[in-house]
Amino acid sequence: MIVKGIDHLHLHAEDCFAQAALLSDAYGFTLTARTAPEAPHQAAFLTQGRIRLLISSAPHGPARDFVARHGDGVADIALSVDDAAHAFRTLTARGAEPVSAPVRLPGGTVARIRAFGDVTHSLIERDDPTDPLPPTEHTLHPTTDTHPTTPLLHTVDHLAICLPHGHLATTADHYRHALGFDVTYEEYVTVGGQAMDSKVVQDPAGHLVLTLIEPDPRREAGQIDRFLTDHGGPGVQHIAFRTDDIAHAADTLRSGGVDFLATPHTYYDTLEQRVGPLHPPLDTEALRSRSLLADQDRWGRLFQIFTRSTHPRRTLFFELIQRDRAKTFGSGNIRALYEAVRRTETPHPAPATTGGA
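Below or above, wherever it landed, is the structure these notes cover. (Residues numbered from 1 in each chain as written. Predicted model: local features only at pLDDT ≥ 70, side-chain atom pairs only at ≥ 80, totals over all residues. Heavy atoms only, no water.)

Considering the sheet that holds strand β7 (residues 108-116)
Think of a sheet as strands paired side by side through backbone hydrogen bonds, with each pair either parallel or antiparallel.
Phase 1 of the analysis: Across the sheet, 9 strands lie side by side as β6-β7-β8-β5-β1-β4-β3-β2-β9; this open sheet has mixed pairing. Since the sheet does not close on itself, it has two edges, and those belong to β6 (98-105) and β9 (141-142), each with one partner.
Phase 2 of the analysis: With 8 bridges joining them, β7 and strand β8 (residues 119-126) adopt antiparallel strand pairing. From the neighbouring strand, A111 faces β8, where its bridge partner is L123.
Phase 3 of the analysis: Contacts from helix α1 (residues 16-27) reach β2 (30-34), β3 (42-48) and β4 (51-57) within the one sheet, and its direction differs from that of β3 by about 15 degrees. (Pairing = 2+ DSSP bridges. Helix = DSSP H or I, 4+ residues; strand = E, 2+ residues; numbered from the N terminus. Contact = heavy atoms within 4.5 Å. Axes fitted to C-alpha atoms, helices over the stretch in contact; angles between N-to-C directions.)

Given below as structure tokens:
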């Protein structure tokens, strides 16, 4: 097993400190470290639970080019490995596209391979796995910010990736053959006149889960097509953060200014017929009052809610998800929301998400 999961997610942004302030003030992240004010390339490193986010901005170079092409978004999904040089040799020999050979940085060794589109995978070998800061080209200085006693969000549950039509099978095969991932779930979802195809890939330990989605061009254009147009190609559509108490997390984030997508009230009229009896603290009325969604698979149940994108291109957004043994990603909610909209006299926008399907 070469890939051991996510080390951190690296986002490029027009203003990294504005994004860091939003994540800190509204989402409960702690600004753990940042670059000095006079540094030509700026970066902020944020943590919450086991989630680690690096956000960078630059007047020129790769970060500036990425933002010009795609807007703010995830540019690198950094992977934890024991030996970056060995991982780089092995993965490129299996067919991964090399981006940069292993290089020593303060705190460890880093190599880089292509993921999809302009997104890369850094291969992170840490000198000290307990060091909160990752090896990076940025000189990060620890801050005095303190961590919340109990994090609202504790892990990255999955990343949803939008791909152009025709790229789904080849991308899934790439992860399977080159990186040793497993394809754990496949689904074709139709919603009205739209349709999308999906495959879920994950590392053997199940720490990094990617839901790969492509639109069906034989059907009407939908939100996957819009993302690909607005983002300028394939990319990360949303980051799903796992929580153990989604009602409390949603209430807290909403009070901090997070704008969640609303759910039609008619969605809840048939909810228990679809997923079975619901009980406090997540009964139907508790879900309805918060616009929380529920879905059932053969393993268990999940609850989720999606934020409205704050980015100018309306691309990247976030999901909160709580799992009660469920292993899928809420695709039943896509159909349920569509039917709820149809039952509503005044159309209500459904979440711009695949539910990971």
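So, unusual backbone geometry
Phase 1 of the analysis: With an omega of 5 degrees, the peptide bond running from P280 to P281 counts as cis.
Phase 2 of the analysis: Within the element layout of this structure, P281 appears in the loop between α7 (271-275) and α8 (284-290).
Phase 3 of the analysis: Although it is not a glycine, R314 adopts a positive phi angle of roughly 55 degrees.
Phase 4 of the analysis: As for its position among the elements, R314 is in the loop between β16 (301-306) and β17 (317-324).
Phase 5 of the analysis: Of the residues examined, R314 reaches a relative accessible area of 53% and is grouped as exposed.
Phase 6 of the analysis: Residue R325 is not a glycine yet carries a positive backbone phi of 75 degrees.
Phase 7 of the analysis: Secondary-structure assignment places R325 in the loop between β17 and α9 (331-343). (Buried < 20%, exposed > 50% of the residue type's maximum accessible area, 1.4 Å probe, protein only.)

Focus: the environment of E339
Phase 1 of the analysis: Among the structural elements, E339 can be located in helix α9.
Phase 2 of the analysis: Along the primary structure E339 and V191 are separated by 148 residues, whereas in three dimensions their C-alpha atoms are 8.9 Å apart.

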